[in-house]
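Structure assessment
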Amino acid sequence: MTKEKFMFKCDICGQQYQHGPHRYEGHRLNLYGDIVCCDSCWNSNWDGWASHLESILLEHLKQKGLPVPERNANGLLPRN
């Protein structure tokens, strides 16, 4: 078992998370051009992205030239 930790910065909240080996706390958001978020962001936004996070996601979509996903029944951008 390796003792080396691979730390990454969450594209949503900016906090660091560990991703491999043995701990995989990152989640790739396919709808948003493969931006990656941490477990905390993923779990906290299970029913759609909170309004205060939308600007981050919308800016990333704009930079990648991707369409904005259809909002869910809650009126929020879908998590994935």
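Right above here is the structure, for reference.
In what follows, the accompanying structure is described. In this text the structure is predicted, and so the values were computed from the model without any measurement.

1. What to know about the nonpolar core
- By size, the foremost hydrophobic cluster in this structure holds 16 residues, and its most contacted members are I12, L29, Y32, C37, W49 and L57.
- At the level of elements, β4 (35-38), α1 (39-44) and α2 (54-64) are the ones that each hand at least two residues to this core.
- Considering every element that reaches this core, the biggest residue donor is β4, with 4 residues.
- Look past the residues within four positions of W49 in its chain and what remains in contact with it is I12, L29, Y32, C37, C41, E54, L57, L76, L77, P78 and R79.

2. Overview of the side chain of H27
- If you trace the backbone, H27 turns up in strand β3 (residues 26-29).
- Under the relative-accessibility criterion, H27 is labelled buried at 18%.
- Of the polar contacts made by the side chain of H27, one reaches the side chain of D39; its length is 2.5 Å.
- If we ignore the near neighbours within four places in the chain, the residues touching H27 are I35, V36, C37, C38, D39 and W42.

About the thresholds
- Residues numbered from 1 in each chain as written.
- Predicted model: local features only at pLDDT ≥ 70, side-chain atom pairs only at ≥ 80, totals over all residues.
- Heavy atoms only, no water.
- Core = buried A, V, L, I, M, F, W, Y, C linked by side-chain atoms within 4.5 Å.
- Buried < 20%, exposed > 50% of the residue type's maximum accessible area, 1.4 Å probe, protein only.
- Helix = DSSP H or I, 4+ residues; strand = E, 2+ residues; numbered from the N terminus.
- Contact = heavy atoms within 4.5 Å.
- Polar contact = N/O pair within 3.5 Å; in protein donor to acceptor, adjacent residues only side chain to side chain.

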